[in-house]
Structures are given as C-alpha cells and as structure tokens.
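Descriptive analysis of the structure
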There are 2 protein chains.
Amino acid sequence: MRAAARLAGFQELETPSVESLELYRVKSGEGISSQLWGFQDKGGRDVALAPESTPSVARIYAERAKAEPLPVKWFTVSKLWRYEEPQAGRGREFVQFNLDIFGAAGVEAEVELLAAASLLLDQAGAAGLYAFRLNDREVLESLAKLLGATDRPRFFRALDNRRKVPAEAFRAELRGAGLSEANIERLVELVDHGPEGVDPAESTAFLAQLDALALPEPGPAGVARLRRILELLPRTGIEDRVRLDLSIVRGFDYYTGPVFEAFAREGDARSLFGGGRYDRLIELFGGPPTPACGLAIGDMTLELLLRSHDRWPEGEPPLDTYVVAVSPELIPVAIEWVAKLRRAGISADGDLLGRSLSRQLKEAARRRARRAILVAPREHARGVVVERDLTTGAQRECRPEELLPAA
Amino acid sequence: MRAAARLAGFQELETPSVESLELYRVKSGEGISSQLWGFQDKGGRDVALAPESTPSVARIYAERAKAEPLPVKWFTVSKLWRYEEPQAGRGREFVQFNLDIFGAAGVEAEVELLAAASLLLDQAGAAGLYAFRLNDREVLESLAKLLGATDRPRFFRALDNRRKVPAEAFRAELRGAGLSEANIERLVELVDHGPEGVDPAESTAFLAQLDALALPEPGPAGVARLRRILELLPRTGIEDRVRLDLSIVRGFDYYTGPVFEAFAREGDARSLFGGGRYDRLIELFGGPPTPACGLAIGDMTLELLLRSHDRWPEGEPPLDTYVVAVSPELIPVAIEWVAKLRRAGISADGDLLGRSLSRQLKEAARRRARRAILVAPREHARGVVVERDLTTGAQRECRPEELLPAA
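Residues numbered from 1 in each chain as written. Chains lettered and ligands numbered in written order. Predicted model: local features only at pLDDT ≥ 70, side-chain atom pairs only at ≥ 80, totals over all residues.

1. Some details on the overall build of chain A
For chain A, the count of helices and strands is 16 helices and 16 strands. A compact globule built from 407 residues should have a C-alpha radius of gyration of about 22 Å, whereas chain A, at 28 Å, is more than 25% larger. Considering only C-alpha atoms, chain A reaches an extent of 90 × 55 × 40 Å along its principal axes. Counted over contacts in chain A with a minimum sequence separation of 6, partners at least 24 positions apart contribute 66%. (Helix = DSSP H or I, 4+ residues; strand = E, 2+ residues; numbered from the N terminus. Rg over C-alpha atoms; globule rule 2.2 N^0.38 Å. Contact = placed C-beta atoms within 7 Å.)

2. Here we look at the packing of helix α9 (residues 200-212) of chain B against helix α10 (residues 219-232) of chain B
Residue and element names in this part refer to chain B. Across the interface, α9 lies against α10 with an axial gap of 11 Å and an inter-helix angle of 165°. As far as their axial angle goes, α10 and α9 are roughly antiparallel. The way α9 lies across α10 gives a crossing that is left-handed. Facing α9, whose interface residues are S203, L207, L210 and D211, α10 presents V223, L226, R227 and L230. (Axes fitted to C-alpha atoms, helices over the stretch in contact; angles between N-to-C directions. Parallel < 35°, antiparallel > 145°, perpendicular 65-115°, else oblique. Left-handed = near helix turned anticlockwise from the far one by under 90°.)

3. A word on the sheet that holds strand β5 (residues 72-81) of chain B
Residue and element names in this part refer to chain B. The 8 strands lie next to each other as β1-β5-β6-β11-β10-β9-β7-β8, forming an open sheet whose pairing is mixed. Each of the sheet's edge strands pairs with one partner strand only, and the pair in question is β1 (11-12) and β8 (242-244). Across 3 bridges, strand β7 (residues 130-136) lies against β8 in parallel orientation. When the bridges of β8 are listed, L134 appears paired with L244. (Pairing = 2+ DSSP bridges.)

4. Digging into the relation of the copies chain B and chain A
Once chain B is rotated about the relating axis by 180° and shifted along it by 0.0 Å, it coincides with chain A to within an RMSD of 0.1 Å. Taken together, these values place the two copies in the relation of a two-fold axis. The rotation axis passes nearest to the C-alpha of F39 of chain B in chain B, at a distance of 3.3 Å. A symmetric contact is evident, with 100% of the interface residues of chain B recurring at the interface of chain A. (Least-squares fit on C-alpha atoms with pLDDT ≥ 70 in both.)

5. Side note on the sheet that holds strand β2 (residues 18-20) of chain A
All names here are of chain A. The antiparallel open sheet is built from 3 strands, whose spatial order is β2-β4-β3. What marks the edges here is a single partner per strand, and that holds for β2 and β3 (37-40). Neighbouring strand axes in the sheet, compared pairwise and without regard to direction, differ in orientation by 35° on average.

6. Observations concerning the interface of chain B and chain A
On the side of chain A, 47 residues touch chain B, which itself brings 47 residues to the contact. Those elements giving two or more residues to the side of chain B that touches chain A turn out to be α1 (2-7), β3 (37-40), β6 (93-102), α4 (108-123) and α13 (331-343) of chain B. Residue composition of the side of chain B that touches chain A, grouped by class: 25 nonpolar, 9 polar and 13 charged. (Nonpolar A, V, L, I, M, F, W, Y, C, P; charged D, E, K, R; others polar.)

7. Examining the domain arrangement of chain A
Reports often express the size of an interface as the amount of accessible area lost when the parts come together. One can read the domain layout of chain A as domain 1 (2-308) and domain 2 (321-403). A straight line from the C-alpha centre of domain 1 of chain A to that of domain 2 of chain A covers 51 Å. (Domains from an automatic or database assignment.)

8. What about the environment of R175 of chain A?
Residue and element names in this part refer to chain A. Note that R175 resides in helix α7 (residues 167-176). You can call R175 partly exposed: it has 14 C-beta atoms within 10 Å. Once the C-alpha coordinates of R175 and V139 are considered, the two residues, 36 residues apart in sequence, prove to be 20 Å apart. (Buried ≥ 20, exposed ≤ 12 C-beta atoms within 10 Å, placed from the backbone.)

9. Thoughts on the pairing of strand β16 (residues 395-398) of chain A
One face of the sheet, then the other: side chains in a regular strand alternate in exactly this way. Residue and element names in this part refer to chain A. Bridge count between strand β15 (residues 385-389) and β16: 4 bridges; the pairing is antiparallel. Opposite E387, over in β16, you have R396 as the bridge partner. The hairpin formed by β15 and β16 contains 5 residues between the paired strands, and G393 there has a positive phi angle of roughly 85°.

10. A closer look at the environment of D320 of chain B
Residue and element names in this part refer to chain B. Within the element layout of this structure, D320 appears in the loop between α12 (299-308) and β12 (321-325). The spacing of D320 and D349 is 29 residues in sequence and 8.6 Å in space, taken between C-alpha atoms. Setting aside residues no more than four positions away along its own chain, D320 makes contact with I346, S347, A348, A369 and R370.

11. With respect to α10 of chain B
If you check α10 of chain B, its first and last C-alpha atoms are 20 Å apart, about what 14 residues at 1.5 Å a residue would give, namely 20 Å. Within α10 of chain B, the full set of buried residues consists of G219, G222, V223, R225, L226, I229, L230 and L232 of chain B. (Expected span 1.5 Å × (residues − 1).)

12. Regarding unusual backbone geometry
All names here are of chain A. With an omega of -10°, the peptide bond between L70 and P71 qualifies as cis. Topologically, P71 is positioned in the loop between α3 (54-64) and β5 (72-81). Omega for the peptide link from E217 to P218 comes to -5°, which places this bond in the cis form. Position of P218 among the secondary structure elements: in the loop between α9 (200-212) and α10 (219-236). One non-glycine residue with positive phi stands out, namely R368, at about 55°.

Okay, here's the thing in structure tokens:
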C-alpha cells in the first residue's frame with residue numbers, strides 16, 4: 001500500500017505516537033473521548049497515545065504551511081490507540097493508513113483521494129470487494145433546513161445510524177429531530193433512492209431528484225460537487241464502485257464538503273475507511289485558511305475483509321532461490337552464493353542448521369522457493385553448480401554467471 | 001531496508017507498543033530503567049511504552065515456539081520510547097529495525113546477521129561508511145578469570161566505557177576491578193592490538209595472540225567462534241568491515257556468545273547498531289531452550305551518519321510522469337492518463353489546482369518528473385498526446401498505447 005501511495009504521488013509523513021492531550025481538545029472541544037489513552041509523562045504533562053492521525057497531520061501542516069509548495073499530498077502509516085473493548089475488527093492498538101491533500105479546493109482532490117484509495121485497496125488484494133458511498137455535508141445541512149429539522153445534531157445522528165437500526169427506529173429519531181411525517185417520507189424515499197448497489201445511470205437520476213428539491217443554501221454547491229465528482233470518476237476507472245448515499249455523515253464535526261465511506265460489497269456493512277473535506281481544520285491548529293481533504297483506512301477491517309475472501313496473505317512470501325550445500329565443507333560456498341544473489345536483488349536463503357541434503361530440499365519447498373541451487377563437491381570442482389526448478393524438478397548444470405541477472 | 005530484509009529471507013513481525021511493565025522486569029530484574037515510560041492503563045494495570053523490541057520478540061517467539069519451523073528469521077520495524085533528554089542521535093520516540101534468528105546454534109547465524117545488516121545499511125545509503133566490531137562474551141568471561149578480575153561487573157563496565165574515557169581512567173577502573181598492574185598492561189595491549197581500522201590479516205594474527213594466552217574455560221570456544229566467523233565473512237563480501245575488539249561488551253546481561261556493534265568509520269564513535277547471541281533469553285520468557293541471536297539498528301544514529309555524508313534523501317522521490325492538461329476542459333482526460341499510468345505501475349501525477357500550462361510545467365520540474373505528457377486540444381482531437389522529455393526538452397507526438405508498458 002505504501003508503494004501504491006508513492007505511485008500516486010503521495011509522500012510519507014511520520015506522526016508522533018505520543019501527543020499533548022491539548023491537541024485532541026482543540027479539535028473535539030472539552031469533551032474528550034473516553035477511549036483516549038491519556039497519562040502524565042515524567043515531566044507532569046498531560047499526554048495521550050494518538051487515537052487518530054488527522055490532528056497530528058493538521059498540526060504539522062499548520063506549522064510548515066509556509067514552506068510547502070501546494071498542493072501537499074501526504075500519507076501516513078501510523079499506529080494508533082483506542083481504549084475500547086477488543087472485538088472482531090477493533091483492537092486497542094491498530095494501524096491507520098491516511099491520505100491527505102492540502103491546498104486543493106476543487107473536487108479533483110476528492111477524485112484523487114478516491115482513485116488513490118482504490119489503488120491502495122486493490123494493491124492490498126481487495127479489488128472487487130468494496131464500494132464507496134458518497135455524500136456532501138452542505139447537502140445535508142440544507143436538507144435539514146428544507147425538511148424542518150429543529151434538532152440538527154439529532155437529524156445527522158439519525159442518518160448516521162440509519163444502517164444500524166430498524167426502519168422504525170430511524171423514523172422515530174427523525175420525528176425526534178423535528179421532522180413532520182410527510183418530510184420523514186420524503187427523506188426515506190431520498191435515502192432509499194434506486195436499487196441498492198452501484199449504478200452510474202441511477203446516480204445521475206438521483207442528482208436530478210436532488211436538483212428538483214430546490215435545496216436552500218448551501219445545498220446547490222454541494223449537489224454541484226457531487227455531480228462533478230461523478231462526472232470525473234469514470235476517468236479513473238472506478239465509477240463501478242461509487243454510490244450516492246444521504247446517510248453518510250461521518251462522525252467528526254470538522255467536515256465541510258464531500259464525505260465518503262468505503263464498505264464491503266457483501267456481508268458486514270462495517271466501514272473500511274472514511275474521509276472527506278475539512279476546509280477549516282488547519283485554521284483550528286493555527287495555520288492559514290487551507291482547503292483540505294483526506295481519508296483513513298484502518299488495518300483491522302481491511303484484514304477482516306481480505307480474510308473473509310481468502311485473500312489475506314498467509315505465511316511468508318515465497319523465496320526465489322534456496323541454496324543447498326550438498327556437503328558440510330561446502331557451506332562457505334553456499335553462503336557466498338546467497339550473498340551474491342541478494343546483492344543482485346534476488347531473494348535467497350541457505351541452511352543455518354547443518355542439515356542433510358534432503359532436509360535442505362524440504363526446507364526449500366516449505367519456503368516455496370522457485371528454484372534450488374545445489375553446491376555439490378564434484379560439480380564445484382568443475383566450476384559449475386546445479387540449478388533445480390522446484391516446480392518441475394528439472395535440473396541443469398550451469399556456470400555461476402548464468403545465475404545472476406546480466407549487469 | 002524492509003525490502004533488503006525480505007531479500008535476505010527475514011519475515012516481518014509486528015510488536016505491540018504498549019506492553020505489560022512485567023515484561024521488562026522479567027529481563028532486567030527489579031531495577032527497571034528510569035527511562036521507561038510507564039503508566040497505568042484504564043484497567044489499572046501497569047504498562048509501559050516499549051523501550052526495545054527484543055523482549056516483545058522473545059515473548060512472542062516463546063508463545064509460538066512449537067508452531068514455528070526452525071530457523072525462524074524475523075525482522076521488526078518498531079517505534080520505541082525512552083524518556084531521556086533529547087539530543088543529536090537520541091529522541092524520546094525513535095524507530096528500531098531489529099533482525100533476530102531463532103533456532104540456529106552455529107555462528108552461521110551471526111554471519112547471516114552481519115551480512116543482512118550490511119545489506120540493509122548499504123540499501124539505506126551507508127555503504128562504505130561503517131565497520132563492525134566483534135567480540136565474544138565467553139572470551140571476556142575467561143579473560144576476567146585469567147587476569148584476576150575480582151569485580152567482574154566492574155571489569156566489564158570498564159571495557160564497555162573504554163572508548164568514552166581517557167586511558168588513565170580506564171586503567172583506574174581496571175585497578176578497581178582487581179587487576180594487577182602487569183595484567184592491566186596485558187589487557188591494554190590486547191585491546192589495542194594492531195593499528196586501528198580493519199585488516200583481515202591483522203585479525204588472524206590477533207586470534208593467534210588469543211590462542212597463546214591459553215584462556216581458561218569457556219574462553220577457547222569463544223575464540224573458535226570468532227575464528228569461524230572471520231573465516232566465513234569473506235564469503236559474504238563484508239570482510240573489509242569487521243574488526244575484533246575486546247572492548248565490545250554490550251550493556252544487556254543476556255548475551256551469551258558473540259557480540260558486535262557497528263560504528264561510523266569516521267568521526268563520532270556512536271554505535272550504529274548492536275547485537276549478539278542470547279541463547280538463554282527464550283527460556284526466561286517461558287519458552288523452550290532456544291539458541292538465538294539478533295541485532296537492532298536505530299534510526300537516529302543512522303540518519304545522523306547519512307546526513308553527515310550528504311546521503312540523507314531530502315525531499316520527495318522523483319516522479320516518473322507529470323500529466324499536463326493544456327486547457328481546462330481537458331482536465332478529465334489528464335485525470336484519465338494519470339489513472340492509467342499508475343495502474344501500469346508508473347508513478348504519475350497531474351494538476352489539482354487548475355493551473356496554467358507554464359505553472360504546470362514548473363510543478364513537473366519541482367517534482368523532478370522524468371517526462372511530461374501534454375494533453376492539448378488539437379493533438380487530443382487527433383488521438384495523440386505530446387511526450388516531453390524533461391531533461392532534454394525533446395518532444396514527440398505519440399499514440400496513447402506507446403506511453404504504457406507492453407502488457
């Protein structure tokens with residue numbers, strides 16, 4: 001996934017694991033999550049193990065903003081900690097892969113994020129297993145206005161929980177948020193637009209439905225962004241995996257425009273990653289006004305998804321060459337071969353336990369080596385080695401220089 | 001460095017960052033380092049941010065020992081924490097790259113570690129900048145006996161500090177450890193054998209000197225190990241970087257055989273990495289008796305070394321292709337090209353800011369792209385793009401399929 005992020009022109013940034021507790025107060029207000037692992041360091045300062053990377057990334061960007069040519073495209077691979085009950089897909093210590101773009105106000109940045117995330121997920125083996133759900137915070141805000149939500153946070157929360165509760169509970173929450181029965185009907189119809197699943201033509205029809213609502217400000221700009229994103233996505237080859245979904249809210253308060261989540265196409269609806277635009281966050285951390293958007297992919301839900309499709313890489317990666325010393329006095333020669341192959345960029349290993357020929361060949365098979373090179377007394381005396389293809393069993397004698405790639 | 005470790009047949013293992021405080025008591029006894037960042041978790045347990053990886057690796061190995069075919073070759077890349085004054089080459093949060101081999105009793109394992117460490121350091125850009133110093137704990141133990149050290153810990157500490165204190169202070173410490181003046185002279189002569197620097201012939205002469213001492217048990221086995229290591233090293237091509245040095249002790253108590261450190265060849269003598277054999281550690285953690293050895297490379301001293309030789313990679317890695325949209329309506333086509341190139345394994349990027357042609361080309365230069373692909377209206381209408389070599393400035397029209405590697 002790191003390699004894929006570099007292909008996509010993102011640069012790796014390292015974030016600290018121990019941050020001042022204050023950093024999380026800035027973003028979340030006084031109510032700090034009970035899941036935060038806070039403690040006092042030996043200097044008596046309140047610190048915490050980072051529960052997410054975005055505050056660190058935003059702080060670092062705010063500090064460096066003047067020095068960085070725009071746009072800045074960073075990725076982080078950070079260990080993070082949340083003190084919660086460990087369960088399938090959630091651990092107290094986990095890794096998050098973040099992508100962030102600073103300085104780009106247009107939705108080309110969101111398209112870039114979704115395309116890069118696809119490249120990363122496909123690289124990790126998840127090709128075909130996931131889809132994105134896309135929404136816009138300003139569309140949601142104007143919907144709240146249009147539909148008469150008097151308790152906006154509750155309205156948002158109801159949408160956010162919609163997939164986790166029965167239809168009746170969803171309606172009850174909307175009622176609690178101040179919506180009339182007629183408006184609840186309208187919203188349910190909008191949220192359930194078209195058949196489940198991804199269909200570009202259906203998305204276009206849905207955008208026309210949103211247009212027809214004549215949303216108050218700032219809705220129309222949000223609809224225009226969604227339209228432009230859907231227009232550009234086919235260029236990245238991922239239009240087959242994006243669906244508009246008004247129930248995507250994203251928990252954090254700081255999102256200001258498009259928001260999105262990725263889900264497994266089948267089975268558990270747990271989010272694979274989420275993200276969106278947060279154009280006001282850098283200012284919160286003392287930096288200049290900076291358009292920004294990002295997303296975070298968690299390792300544990302991705303692992304669950306890959307495992308459930310038998311795509312999790314088990315065991316060690318296969319070796320290219322296993323070098324066998326046929327008799328003990330040839331161990332030094334075998335060591336020499338291993339070193340030469342590695343220096344030529346070929347993964348290679350040899351025996352460290354003084355094993356017999358047959359047990360060395362067994363080990364070569366266990367390591368799934370493509371070939372074995374046998375260093376044997378008579379052949380060694382004649383300046384050749386034996387190369388054995390471990391798939392076909394075919395053997396040939398060859399001169400040492402044939403084993404290494406041409407310089 | 002990860003890629004180099006995989007070439008050398010090591011498998012990545014992830015270690016937790018938060019460990020039970022108990023883990024560090026097991027290894028170090030009751031006196032836990034004052035540099036440990038300990039705290040209580042929300043369940044009231046005493047935990048600590050890991051200050052080194054070896055205890056975690058050993059604990060995990062001890063738990064899994066029965067399931068792992070031998071030898072086990074693991075590498076870890078772990079964030080670690082020590083609460084000490086930050087200074088050049090030392091931070092409170094740092095990264096350590098560990099290599100460990102379990103199940104191999106012979107010094108082929110040490111040779112493997114030194115060869116793999118060389119591969120890693122060379123890969124990181126340090127080729128030619130470092131040398132290893134090699135010793136053996138059993139040689140040291142028998143030297144202590146032979147020379148009449150009555151206070152063995154002090155004798156070891158004196159040797160360990162030898163490079164950090166003036167010659168007179170070294171002698172005073174040896175005196176304090178119980179050595180006679182004559183034996184102090186003998187030891188100083190042994191420690192200062194031959195000219196500074198690496199010389200395989202001189203190492204061989206030094207081994208003969210050690211033989212002539214007629215060391216008591218367990219010294220001779222240690223000398224035999226050093227001899228065998230020096231005999232095998234030329235096979236790995238790194239004999240030009242190893243020197244025997246009786247002042248290499250290694251702080252940890254758990255080493256049982258060969259020990260080694262790497263230093264910069266010039267300037268600051270600060271250790272780049274250290275390691276050795278610890279055949280009794282796995283039992284300490286409740287596992288079966290297991291021969292084992294390992295080493296740990298710290299990121300900060302390595303960074304200092306590379307920076308002091310202008311080998312630290314500054315800025316982002318160069319991009320292969322920057323795709324330029326010559327007019328705004330061609331942005332979608334540029335996005336399409338970027339996506340296609342990346343999917344073909346070519347690092348590619350395009351503009352996210354709607355910039356002019358000249359500013360896009362400036363950005364391409366800043367990103368050190370090898371080439372630009374210009375999507376221009378007239379050429380686009382004819383189904384071609386312009387490829388510009390950003391080194392020579394040469395341009396040519398080409399058909400899209402020419403830009404992608406043959407499938």
